[in-house]
Structures are given as C-alpha cells and as structure tokens.
Amino acid sequence: MTNLVEVRNLRIEATTDAGRLVEIIKGVSLDIADGEIVALIGESGSGKTTVALSLMGYARPGCRITGGEINVGGKDMAALSEKERARSRGTDIAYVPQSAAAAFNPSSTIMEQTIEVTRIHDLMPPEQARKRAVELFRALSLPDPEGIGARYPHQVSGGQLQRLAAAMALISDPKLVIFDEPTTALDVTTQIDVLKAFKSVMRAGGIAGVYVSHDLAVVAQIADRIVVLKGGEVQETGTTAAILSAAKNPYTRELLAAFEPKPRQTQADGDSGPKPLLRIDNLTAGYGPVKPDGQPVIRAVDSVSLVVEKGRNLGVIGESGCGKSTLARAIAGIHPAAAGDIIFDGKQLERAVAKRTRDQLREMQIVFQYADTALNPAKSVEDIVSRPLVFYHRLDRQARSKRVDQLLDMVRLPRALRYRRPSELSGGQKQRVNFARALAADPKLIICDEITSALDTVVAAAVIELLKELQRELGLSYIFISHDLSVVEAICDQIMVMYNGERVEQITPDKVKAPTHPYSKLLFSSVPKLDPTWLDGLVRDPELVNQYGHR
Amino acid sequence: MKSGVFNLVLKRLAVAAVTLLIVLFAVFFATSMLPGDTASMLLGQAATPEAVAGLREAMHLNDPAILRFLRWLLGLLHGDLGTSYANDMPVAALIGGRLLNTVKLAGITTLLSVPLALTLGITAAMLRGSLYDRTVTILSIGVISVPEFMVATLAVLVFAVYLKWLPALSSVNEAHSLADLVRIYAMPVITLIFVISAQMIRMTRAAVIETLSTPYVEMALLKGASRSRMVFRHALPNALGPIVNAVALSLSYLVGGVIIVETIFNYPGIAKLMVDAVATRDLPLIQSCAMIFCLGYLFLITAADIVAIMSNPRLR
C-alpha cells in the first residue's frame, strides 16, 4: 500500500424510479497519494460526486456499491460494516458539501456543528475543540473568528458558510478531505477568497483532497492531478499541466474547447445602421411596501437605462442579488416597474403585463433559467410548444403540427421528441424546448435569464451556438442575462455591468480586458483562467475587494 | 431578533382574538337560526298564544338579533353565560362539572395518544420501508378510514356484550376505586386514541422523513453520526413546526369528536350536554357549549403556531 487512496474497479448501481437497475459507475479506478489533491471533473450525471462519496463508504439512497475495492488509509470502505464506516467518517475522511447553506442545520449554532465531529467520535474535550475551531476560522480568513461560531447559519453569507464547512471538515485533522463542488454556488469574486483559503489550509496541513467540479478553470487552480469522468467511466487521468496542455481524450478536448473564447462577428448589415428596438429609461423596480414618493422600500433595480438595437444583443452581467433578474422581469412586465419608461419598437409599453396588448406580449418573450420548473411536467413537448401557437396565432391543428416540427428543427431537436414529457429529456434538451416555446410566438426580442447557468459547459456552449444561428436566420435580438462573463462575451454586442441594482458600466466585448469602472475591473479579473498559476499570481486591490466583494 | 419574535407572537394573538369574535358571532347566529320557537317549545303544545307572546317578551326574544348578540357578549365579559331556558339554572353551573369530565377524558386521551403517536411516527420514519413501517402505515390508514362510531360500537360489542369485561356505559359517578376508573375510561379513551392517533402518526412520519432527506442530515451522516443522533439532533428540531401543528389539529378533533363518543358511551361530558340542549332548544346552553368547543380549537391552533414560531431559529 503506497497510496492513501486506491480505488480499484469500483461499480455502483442505482435503482431508477421505474425499479430498473442501472450501473452508474462502471469500473472506476483511481489513486491519491498522501497530500495530493485530485480533481474529479465531468458533466452532471458523470458520476463524479458518486465516486467521491463512495470514498466514505457512502452511496446515496437508491444507490448501492456492488463491486470493487475502495481502500482508504488501508481500510476497504466497501467491505466494512456500517458502524466501522461511521467511525472513519469525519475523522479520517471529511466532506465539504456543494451547498453549505443547505448542509448546515438551520436550528443549531455554527460552533456546535463545527465541533460536532469531535463530540460524535469523542476526539477531544469541547473546550479544546472550540479553541481549535476558532484557529481554523482564522486560518480560513473568516471575519470575527471569535464570535462567528455563536451565530446561526442563516446569519452569515454563502461564501463564509462554505469556508465554515471547510472548518467543520478540518477540525478532526482528516487525512483526506472531499470537496464536492464547493464553490459552484458562489459568485466569482467570493469564489476567489474561498479557493485561496482552501488551498492555503490544505497545503499547510499536507492534507490529501478530492475536488469534485465541472469547472476546469477552478480545478486548474487547486488540483495536482485531474481525473476526467464521463458516463461513470474514467476518460483520462493526468497531471493538471498535462491535461490542460496535452489532452488526448476527445471528451477532455471538448471540455477544454468550451473555454476558448469564440469571438462573435458583428453582422455587417449595411442597411440603414442600427435602429433601437427597446429603450429603457430610468427604470426602477423593487420589493416591499411602496413609499409615499412611489418608490418601493427595497430597490432591486435603481434607475437603469439601456438600449437594445435591432438584431443586436445586450448582455447584462452581475453577481447574485445585483438586480439583473428583477430587471428582466420588469422589462417583461411580470414584476411591474415602479418608475421609468419602456419603449419597445417605437411604442411606450405599459409597465404591467396585464395591460399590454397581445401583440406586444408576443413580440417580447422571456426564457427562464430552470427549464425544469418552466415546463409543465404533465404536458408533452408538443403541447408545450403549441400553446403559444394557439394563444398568439390561433393556428388550427394541422398548421400547428407543422409549425411544431419546424420549431423542433430550428432548435435542433429530433421531431420524435414531440411526444415526450419534460422528465424524459436531458437538461440541454429541456432548455431547447424552453427556447422553442419562446420562438413559437415569433418574437422580436427574447430575454434570456441565465439560460445556460444550469447546463454543463459543453451543453451550454452548444446552446449558445444555437442562439447565434437562430439570430442569423430570424433577425432576433437578445437580452442575455448571466453571471458568467465568458457566455456573455460569446454572444453579445454590448455588455452592461450591474452592481447593487445600478448600471455601473457598459462596454463592448473587445474591451473587457480594459474596463474602466472599478467594480467591472474586480469582476472581470475574478473569472478563473485555465492557467494553473493564475490564482497564486492574482493580485487584487484590497480596497476594491473591501468595497465590492460580498465577504 | 428577540423583538421580532415577540411581534410575531403578538400578531398571532391578535389574529386569534379577531377570530374569536367572528366565531362568537357565528355561533350566536347559527344557533338563532335553529328551527322552532323557544317560547312555544318551553310552554308545550297546550300553551295559549298570549302566554307564548308574554314569554317571548319576558325572554327578550322579540328584540333584534344584533341587540341580543351584544347583550350576550356583554354577559360573557362579566362571566355570565346566561340562564338555561330548559331548567332555569345558570348555564355556568350546568357546564361546570360536565366540562371537567370532558377535560378529564380529553386529557387522558392526550397523555396516552401523543407519546404513542410520536413514537410510532418517528420510529416508522427511521425504519422507512421496513416491515414495521409498512405495518404502522397500513394500520394507521385503516384506522383513519373507520369512523369513530363504528370503532365505538364494535368496542361495545366485543368488550361489553361478548366478553363482558367492561361496562357498556361510562358512568363516572359510580367509580370508587382505581380499577373502576380504568374500566370506565378504557373504552371511550381507546376509541378516541384510535381516532386521533392515526393522523398524528402519518404527519409525524412524513415530517421526519422529509427532514431526514435534507442535505444537513446527509452531512451529519458523513460526519459519522449515528442514526439516532441524525434523527434526534438534526431532523426532529427542524420537523417540530409541522409535528406540533399536526398534534394540535388532531387534538382539536378531540374537542368536537367527543360528541359521538360521549353519546355512545353515555359519558356525562359537555358534548353530551350539548346534544341534550339541542333536543330541548336550550339556546344559551348550546351557545355556551359551542363557544367552549371553538375556544378549545382556537387555543390549540394558536398554541401550535406560537410553538412553530418559537422553534424557527430564523425568527429566534
């Protein structure tokens, strides 16, 4: 036994809702040396989290480890009894969950949960555990390390919770820590602090780690080696540098390719120059009771003005809570604005959706982030896409059927899919149906609210390509809302940066290297690069971070 | 933070007070709408129209309903529940002893059924999918589906008629020893436990199962926590709100559900009193009984909501 972890030919079966047995991990083998950080990378459904959890001898409900060896520190986790496994969990191997916000018990204090491992396994007296927790809080550069333990999980920010979850994992001096997409739910400016904190603590303690992620750029910063998974099988294993520079496997290359910027050629439409399609003047929208001056108490969007030109795209970028989704909803009228003008195609629009004419509604469509919740699970794809055809165009049955075929062709879905229900489609397919429904209305403008955020990198890249093609064919305009700069860069002619409900800057994609507003600078410089030295070499103006980072 | 909870609780109490007023209003007018005229009922068929008219006058039955309502409300504020039409006794005196009997019955049922239901619900959730869980589920669904008069009648048939172990009627006044007491209360209490436990078991099981599938319980498992620690430290505190609500709802059923049980076993409680009062058109008595039932219901629901507010750390 030379390595800390040696997994050999691991097989895991899952029971589907229909009761069928499916092998989701098909003979995975991997090694982790002492003090080494290995990344498991792959799209959703590739089995990366399942493999990581199996190192703790745990399979989620409905899954079962059916074969292979999982040697961790000389013990075969697959062969141990549940009691013996529980003894290793939290002590030898610790887990940092994807969403710390959900993984903290809301009714117990942070300190109590941080030191719970020491109570369960009787590792040290509570007094000592508390002292150690405070040391860890300090090492993970959490604010107020002495006092933060007394708070409840809902009283600290998401980035802090993620670091607290790491403290919770590290309190027992584990030999191996499993990080399950620990920064995926965080904003990029926060992600950097968390990554830096993880890296320094792991390095200082010489702790081995498994880092599960779908984001190659993040993994490049922290991992020594990368294991690429797809469909429950290892595609390629190699050192980080080797994978990034000389990937052999086609799937790995696809992943890498999704990172390459594909600059958009602006159409040289020679006629008449750009005409404004949508103009927003000083739009304010918010939540809570309305004050006497007509303004809402909480202003999510504060006097934002923008112009979208015909056949051009506007990207809106900003971090969670900056008001970008509220802006989309206010433009669409779903969340009526409190003040401001919306001028669409030369006509002033009512603020509330109920007062707009049917044609106005038709010409402006919105596509939401989660196709899962936006599509009615009880309806077939055909019904979903037909609905706008009936509502806006009053097509008869035959015409409708023809149009559905056309629309499915447009979004590159096989026609046979029309009889399926959303639950029988993959994430990317669902988002295409979601988009086909918007197209069915024959809109002039489509507001895309984070439509690629829930998709895997490769799938998202394909959806973006599709949007570009459709734009060329149909002369659409998009408002593209996202927190992901590379996506916005790939498709937009203009990029508007939002912070705290306000528009801070508007620039063109070729100028994102040199933004002028300090917040844009911070935001753009925080996007991880594929270069493994990027994080260590990153120098940020501490004053900027203090001013704009959500710490 | 503290004042936030205080405000919420105050708000909840204010809502309860308004509800109470509406309930009183509804009770009063619903009972006034009962068919039949009190005066002619009281005087019997031989009464002359003059006598009836005189009695109506004396009982203020000719006054507008709203005036009678306000008068009744004012009386309630002074603790005066009115006078029984049927036997001219103060309603308060009639209700007093009977209420105590009903509270005793409900209290014993609560003391037995709540721990029983919680234990069954929690253990079924912990052993989800096992034979034990399925047995508990099938039995509780079975019990929900059988109406209580059926359970009560069957119990009488089996224990009193065939086996002759227990008395068919529960005459509390004849109880002299503890053994007597147990014999008297056994059947009504068992019937009531059957009726109210099933709902509690199912709701508790569902609430615990839901919290058991949350990421923080999985996190506890990955910390090496034992099954019982996961349930009692992590799942239960967060399932408290829904469980308390389910318990309150089930217990509030006791308040109304005793009517059938008391009638079948001839148990001298307040529900039996109310049924008798309906038979004699004794409006003040009916109103007071209905009011007490509603109060009990309101109290339970309000208490459950307040517990739920207090157990939410986001508000604490």
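Values in this document were obtained by computation on a predicted structure and should not be read as measured data.

### A closer look at the overall build of chain A
Next up, step 1: Scanning chain A from terminus to terminus reveals 22 helices and 20 strands.
Next up, step 2: Scaling as 2.2 N^0.38, a compact globule of 551 residues should have a C-alpha radius of gyration of about 24 Å, and chain A matches this with 25 Å.
Next up, step 3: The principal-axis extent of the C-alpha atoms belonging to chain A is close to 70 × 55 × 45 Å.
Next up, step 4: Scored against the burial criterion, the 551 residues of chain A give a buried share of 53%.
Next up, step 5: Contacts spanning at least 24 positions in sequence make up 67% of the contacts within chain A whose residues lie at least 6 apart.
Next up, step 6: Total accessible area computed for chain A in this model is approximately 23500 Å², and 49% of it derives from carbon and sulfur atoms.
Next up, step 7: Separation of charge centres in chain A, based on 68 positive and 67 negative side chains, amounts to 5 Å.

### Looking at the side chain of A:Ser107
Next up, step 1: Looking at the element boundaries, A:Ser107 is found in the loop between helix 3 (100-103) and helix 4 (110-114).
Next up, step 2: On the basis of relative accessible area, A:Ser107 is assigned to the buried category, the value being 15%.
Next up, step 3: Of the polar contacts made by the side chain of A:Ser107, one reaches the side chain of B:Asn238; its length is 3.3 Å.

### Considering the interface of chain B and chain A
Next up, step 1: Taken together, the 18 residues of chain B in the interface contact 25 residues of chain A.
Next up, step 2: With both sides pooled, the region where chain B packs onto chain A buries about 2000 Å², and carbon together with sulfur makes up 58% of that total.
Next up, step 3: When residues of chain B are sorted by the area they lose upon contact with chain A, B:Met219, B:Leu222 and B:Lys223 head the list and together hold 33% of the total.
Next up, step 4: Across the chain B-chain A interface, the total number found is three salt bridges.
Next up, step 5: As a salt-bridge pair, A:Glu116 and B:Arg229 come within 2.8 Å of each other at their nearest N and O atoms.
Next up, step 6: Listing elements by their share of the side of chain B that touches chain A, those giving two or more residues are helix 9 (215-222) and helix 10 (227-265) of chain B.
Next up, step 7: The element contributing the most residues to the side of chain B that touches chain A is helix 9 of chain B, with six residues.

### Overview of the packing of aromatic side chains
Next up, step 1: Applying the stated rule across the entire model yields twelve aromatic pairs over all chains.
Next up, step 2: These aromatic residues form a ring-pair network of at least three members: B:Phe25, B:Phe28, B:Phe29 and B:Phe69.
Next up, step 3: If you follow A:Arg358 out to its NZ or CZ, it ends over the ring of A:Phe391, 4.1 Å from the centre.

### Describing the UniProt feature "transmembrane region" (unreviewed entry) in chain B
Next up, step 1: Taking the UniProt record as the reference, the feature "transmembrane region" (unreviewed entry) is found at residues 12-34, 105-127, 139-162, 182-201, 239-265 and 285-310 of chain B.
Next up, step 2: Across residues 139-162 of chain B, the secondary structure splits into 92% helix and 0% strand, with the terminal C-alpha atoms separated by 24 Å.

### Thoughts on the nonpolar core
Next up, step 1: Counting residues in each nonpolar core, the largest one holds 165 residues, and the members touching the most others are A:Leu40, A:Leu55, A:Phe137, A:Leu164, A:Leu176 and A:Val210.
Next up, step 2: Formed by 54 residues, the second largest nonpolar core is a distinct cluster that contains A:Tyr478, A:Val512, A:Tyr519 and A:Leu522.

### Re the pattern of salt bridges
Next up, step 1: The final tally for this structure, using the stated rule, is 37 salt bridges over all chains.
Next up, step 2: B:Glu218 is the salt-bridge partner of A:Arg60, the closest N and O atoms lying 2.6 Å from each other. Remark: B:Glu218 occurs in helix 9 and A:Arg60 occurs in the loop between helix 1 (48-54) and strand 4 (63-72); the pair is interchain, linking two chains.
Next up, step 3: On the basis of relative accessible area, A:Arg60 is assigned to the partly exposed category, the value being 35%.
Next up, step 4: When its relative accessible area of 14% is taken as the criterion, B:Glu218 is described as buried.

### Quick look at the pairing of strand 18 (residues 477-482) of chain A
On a regular strand, each side chain points to the face opposite its neighbour's, so the side chains alternate between the two faces of the sheet.
Residues and elements named next belong to chain A.
Next up, step 1: Buried residues dominate strand 18, accounting for six of its six residues.
Next up, step 2: Side chains Ser-477, Ile-479 and Ile-481 of strand 18 all project onto a buried face; the interleaved residues Tyr-478, Phe-480 and Ser-482 project onto the opposite face, where all are buried too.
Next up, step 3: Where strand 13 (residues 313-317) and strand 18 come together, five bridges link them in parallel fashion. Residue pairing for strand 18: Asn-313 is matched across the bridge by Tyr-478.
Next up, step 4: The pairing of strand 17 (residues 445-449) with strand 18 spans five bridges and is parallel.

### Some points on the sheet that holds strand 3 (residues 37-41) of chain A
For sheets, the rule is that strands pair by backbone hydrogen bonds, running either parallel or antiparallel.
Residues and elements named next belong to chain A.
Next up, step 1: Overall, mixed pairing links the six strands, which are arranged 6-7-8-3-9-10 in an open sheet. The open sheet terminates on both sides in strands that have one partner only, identified here as strand 6 (93-96) and strand 10 (233-239). Strand-to-strand, the axes of this sheet are offset by a mean angle of 15°, without reference to chain direction.
Next up, step 2: Pairing between strand 3 and strand 9 (residues 225-230): four bridges, direction parallel. Following the sheet pairing, Ala-39 is matched in strand 9 by Ile-226.
Next up, step 3: With respect to the sheet, helix 7 (residues 158-170) is in contact with strand 6 and strand 7 (176-180), its orientation differing from that of strand 6 by roughly 170°.

### As for the sheet that holds strand 14 (residues 339-344) of chain A
Residues and elements named next belong to chain A.
Next up, step 1: Reading across the sheet, the four strands line up as 12-11-14-15 and stay open at both edges, with antiparallel pairing between neighbours. Each having just a single partner strand, strand 12 (296-309) and strand 15 (347-348) make up the two edges of the open sheet.
Next up, step 2: Bridge count for strand 11 (residues 276-290) against strand 12 is nine bridges, and the pairing is antiparallel. Of the residues in strand 12, the one forming a bridge with Leu-283 is Val-304.
Next up, step 3: On the sheet, helix 12 (residues 324-332) packs against strand 11, strand 12 and strand 14 and is oriented at approximately 110° with respect to strand 11.

Conventions adopted
Residues numbered from 1 in each chain as written. Chains lettered and ligands numbered in written order. Predicted model: local features only at pLDDT ≥ 70, side-chain atom pairs only at ≥ 80, totals over all residues. Heavy atoms only, no water. Helix = DSSP H or I, 4+ residues; strand = E, 2+ residues; numbered from the N terminus. Rg over C-alpha atoms; globule rule 2.2 N^0.38 Å. Buried < 20%, exposed > 50% of the residue type's maximum accessible area, 1.4 Å probe, protein only. Contact = heavy atoms within 4.5 Å. Areas by Shrake-Rupley, 256 points an atom, 1.4 Å probe, with all protein chains shown as cover. Lys, Arg positive; Asp, Glu negative; His and termini not counted. Charge placed at Lys NZ, Arg CZ, Asp CG, Glu CD. Polar contact = N/O pair within 3.5 Å; in protein donor to acceptor, adjacent residues only side chain to side chain. Buried area = accessible area lost by both parts, 1.4 Å probe. Salt bridge = Lys/Arg side-chain N within 4 Å of Asp/Glu carboxyl O. Phe/Tyr/Trp six-rings, centres within 6.5 Å; stacked < 30°, edge-to-face > 60°. Lys NZ or Arg CZ within 6 Å of the ring centre and 35° of its normal. UniProt positions renumbered as here; feature names shortened; annotations may be inferred. Core = buried A, V, L, I, M, F, W, Y, C linked by side-chain atoms within 4.5 Å. Pairing = 2+ DSSP bridges. Axes fitted to C-alpha atoms, helices over the stretch in contact; angles between N-to-C directions.

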